[in-house]
Amino acid sequence: MLEISGLQAAIGEQPILRGIDLKIGPGEVHAIMGPNGSGKTTLAQVLAGREDYDVTGGSVTFAGRDLLALNVEQRAREGLFLAFQYPVALPGVTSSYFLRTAVNAVRAHRGQDELSGKAFLELCRQRMELLQMKPELLQRAVNDGFSGGEKKRHEILQLALLEPRLALLDETDSGLDIDALQTVARGVNALRDAQRSFLMITHYQRLLDYIVPDYVHVLVGGRIVKSGDKELALHLEEHGYGWIVAPETATPAAAAARA
Amino acid sequence: MSTKLIEETAQQEYRWGFVTEIESDAVPAGLNEQTIALISSKKQEPPWLLEWRLRAYRHWLTLRAPQWPNVRYPAIDFQSIVYYSAPRQQPRYSSWDEVDPKLLETYEKLGVPLEERAMLAGVAVDAVFDSVSVTTTFKDELAKQGILFSSFSEAVREHPELVQRYLGSVVPHTDNFYAALNSAVFSDGSFVYIPPGVRCPMELSTYFRINAARTGQFERTLIVADRGSHVSYLEGCTAPQRDEHQLHAAVVELVALDDAEIKYSTVQNWYPGDEQGRGGVYNFVTKRGACRGVRSKISWTQVETGSAITWKYPSVLLLGDHSVGEFYSVALTKGRQQADTGTKMLHVGRHTRSTIISKGISAGEGQNSYRGLVRVQRGAAHARNFSQCDSLLLGDRCGAHTFPYLECKNPTAQIEHEATTSKIGDDQLFYLRQRGIDQENAISMLVNGFCKDVLRELPMEFAVEAQKLLGISLEGSVG
């Protein structure tokens, strides 16, 4: 599904990713953990194609294609989805209009017909029930005045509507109380199947109690320094990251990035 | 990254730039008392109207073009303009079969809903081609309810007493330079009278088009809503693409008596000129409504995407107690376009209320100024105003300016003013694109979202058009 090898990326002169290797197979759920500033969000944004970062080395293959050769919307249409840590407000753009435009853009790429207004609303209603969302939300402007919980559910709603091959969840648990976290996790779990893969970025082990990963990786200083199964996450929860950060990986740049 | 991409959106071919090959009957270029007498005689006007025109002309000679707007253009040579141009054929038609097919074709290209299309849309259209009103649809149906909807010239012939009573009563010829010029040389336009207690059953619409070269269009619109009546009026404008500038100096007067309501909507898409600023329409327009009656209401909604220069301040004179004035505006400037537009709300009556919502969008090297005056007179107890002026910048070579003026002479008045300036953010574009929406669509969605408070004031059909127009205007070589 996704194969990252030796991926390096920088903002201006500042290297952030320093050679990432990661393979995600169909239907697998991976979690990436790591201290602040280790490059977790950068990895998600680079994979989604954000132009603010320069890819300085390495390669990424996604569903058999050279991901780095595609622009942002092409990657999205090929089935790469990013649930944002901080979803941005779109004043005046109603959720229903936005969602329908997105769904139809992706459908057009897959050679499917546009969904009619009615069919779209029906689909929305089903997916919103799963996430315990009120249909009124569709009439509001996207993320404009949404609570933290509403924003995150709205992200997962988009995931459920766009049905991507690979979903990157960037700190989807942050800012959620335990009830909202369970609802969001239930939504994500319902979307797991043998083909769809997930890459979850999180600080805390808590999320992994609800969405159980197949693999856990620790990202420090722009490199994956340790991989394991969900036991690794429990160990991190108990002992923190200190034991893992060998002095030689704590480069000045990584230290600066953490600061 | 997106600044460059957004700037590339700024230019887009003008789709209404075709010229209709049609013989026209025009007076020679230039302006003097003979020209005015010639226009008046071609229109078989009564002597009082010729006198009125000449008074305006003599006053105009004493005036200078206004220097205060925040726009730059070379001085206009008023002697090189053709002040009257009409399709050569007989200008009034009693049935559609008589209309020159080329004219009909033009309107078809423009997407004006005439004939059955008009019937389906429930729109009555008065189409003004250069200077003469070509035909008025649905006149008979409206006449059954006593509604008068005709070209201005026809109203002069058939209802001179109404015209004489209201012409110049809201915008006198002494008002400003271009209003004086219009009063001297106005050629045609629309006239509407809604009798007491009548709710006009359909949207009334005028479609303006400047076709002939070097023609100025000076139309004059007068709408009178008698006691307890209601009317919604739509106006759309386009012009062919030409290298020289064309002058459009219109005057619109609205009168609302007790409990009457007038809603006036404009979608202005005159030719804006090319990327270097060659050609394009100078849109210097005076629009004003008088809420003369108690509880009367006048509402202006405008979507201004065309013209090289726009200079326009649809205003409301709030005379009647409890009267209401509204101004909703979207002005988009791109390329070398300049707009200095806004409104005046003059509170005279007690408990008068006004609302101003202005959305300015600047792209390319476009310059967009909001200029608005809210004046509360001494007697206007408990007057209220709310103004909101938002500017959106696309790219970093354009400009947005806000000139709000407040004059308040009554301590019981409440006035609120809010202003914001924002840019379309990279984060917003990235978010939309990450959902598979291309950059062009993403920008169009964000711009339409920004204008939503205004667009929803437009009648349904017009709102859809306006949304498309905003999308088209910003469309281009993005991505």
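Throughout, residues of each chain are indexed from 1 in the direction in which the sequence is written. Each chain is given a letter, starting from A, and each ligand a number, starting from 1, according to the order in which they appear as written. With pLDDT at 70 or above as the cut-off, local features in this predicted model cover only qualifying residues; side-chain atom pairs require 80 or more to be listed or tallied, and sums for whole chains, interfaces and linings still use all residues. Excluding hydrogens and water, the side-chain figures rest on all heavy atoms present in the structure.

### What to know about unusual backbone geometry
Residue and element names in this part refer to chain A.
And step 1. Positive phi values are uncommon outside glycine, yet A63 reaches one of about 50°.
And step 2. Mapped onto the elements, A63 comes out in the loop between β4 (54-62) and β5 (65-66).
And step 3. For every residue, the accessible area (1.4 Å probe, protein chains only) is compared with the maximum for its type, and the residue is labelled buried under 20%, exposed over 50%, or partly exposed between those bounds. Classification of A63 as partly exposed rests on a relative accessible area of 31%. Counting from the N terminus, the helices are DSSP H or I runs at least four residues long and the strands are E runs at least two residues long.

### Thoughts on the sheet that holds strand β3 (residues 29-33) of chain A
Residue and element names in this part refer to chain A.
And step 1. A strand pair is defined by DSSP finding two or more bridges across the two strands. In spatial order, the strands read β6-β7-β8-β3-β9-β10; together these six strands make up an open sheet with mixed pairing. For this open sheet the edge positions go to β6 (80-83) and β10 (223-228), each flanked by a neighbour on one side alone. Looking at each pair of strands side by side, their axes are set apart by 20° on average, direction ignored.
And step 2. Any two residues whose heavy atoms approach within 4.5 Å are treated as being in contact. As a rule, the C-alpha atoms of each element are fitted with a line to give its axis, helices using only the stretch in contact, and angles between N-to-C directions run from 0 to 180 degrees. The strands touched by helix α8 (residues 230-239) within the sheet are β3, β9 (215-220) and β10, with β9 carrying the most contacts at an inclination of about 45°.

### Some points on helix α5 (residues 148-162) of chain A
Residues spaced three or four apart along an α-helix point in a common direction, a consequence of the helix completing one turn every 3.6 residues.
Residue and element names in this part refer to chain A.
And step 1. Expected helix span is taken as 1.5 Å per residue step, with the number of steps being one fewer than the number of residues. Counted at 1.5 Å a residue, the expected span for α5 with its 15 residues is 21 Å, and the 21 Å between its end C-alpha atoms agrees.
And step 2. Most of α5 sits inside the fold, with 12 of its 15 residues counted as buried.
And step 3. Every buried residue of α5 is listed here: G149, K152, R153, H154, E155, I156, L157, Q158, L159, A160, L161 and L162.
And step 4. Just downstream of α5 lies E163, where phi reads positive at about 45°.

### Thoughts on the side chain of A:K152
And step 1. Residue placement: A:K152 occurs in helix α5.
And step 2. Neither His nor the chain ends is counted toward charge; the positive residues are Lys and Arg and the negative residues Asp and Glu. Salt bridges are defined by distance alone: a side-chain nitrogen of Lys or Arg within 4 Å of a carboxyl oxygen of Asp or Glu. For A:K152, which is buried and forms no salt bridge, the nearest opposite charge comes from A:D173, at a distance of 6.3 Å.

### Focus on the environment of B:Y271
And step 1. Examined against the element boundaries, B:Y271 turns out to sit in the loop between β12 (261-268) and β13 (280-291).
And step 2. Between the C-alpha atoms of B:Y271 and B:G320, which are 49 residues apart in sequence, the distance is 38 Å.

### Overview of the packing of α5(A) against helix α6 (residues 178-191) of chain A
Residues and elements named next belong to chain A.
And step 1. Where α5 contacts α6, the axes come no closer than 10 Å and their chain directions differ by 10°. Compared by their axis directions, α5 and α6 come out roughly parallel. Taking contact as the criterion, the partners of R153, I156, L159 and A160 in α5 are, on α6, A180, T183, V184, G187, V188 and L191. Angle categories are assigned with fixed cut-offs, so that under 35 degrees is roughly parallel, over 145 is roughly antiparallel, 65 to 115 is roughly perpendicular, and the rest are oblique.

### Quick look at the interface of chain B and chain A
Often, the extent of an interface is quoted as the loss of accessible area on bringing the components together.
And step 1. If you look at the interface, chain B gives 19 residues, while chain A gives 35 residues.
And step 2. Here the quantity called buried area is the accessible surface, traced with a 1.4 Å probe, that two parts lose on coming together, added over both. Summing both sides of the interface, chain B and chain A together bury roughly 2200 Å²; the carbon and sulfur share of this comes to 63%.
And step 3. Counting the surface chain B buries against chain A, the share from its top three residues, B:F430, B:Y431 and B:R435, is 34%.
And step 4. The interface formed by chain B and chain A contains four salt bridges.
And step 5. Between B:R433 and A:E73 there is a salt bridge, and its shortest N-O distance comes to 2.6 Å.
And step 6. For this analysis, a polar contact is any N or O atom pair within 3.5 Å, provided that within protein one partner can donate a hydrogen and the other can accept it, and provided that sequence-adjacent residues contribute only side-chain to side-chain pairs. At the junction of chain B and chain A, the tally comes to 13 residue pairs in polar contact (both at pLDDT 80 or more).
And step 7. For the side of chain B that touches chain A, the element with the most residues is helix α10 (residues 426-434) of chain B, which contributes eight residues.

Don't take any of this as a statement about function, it's just geometry.
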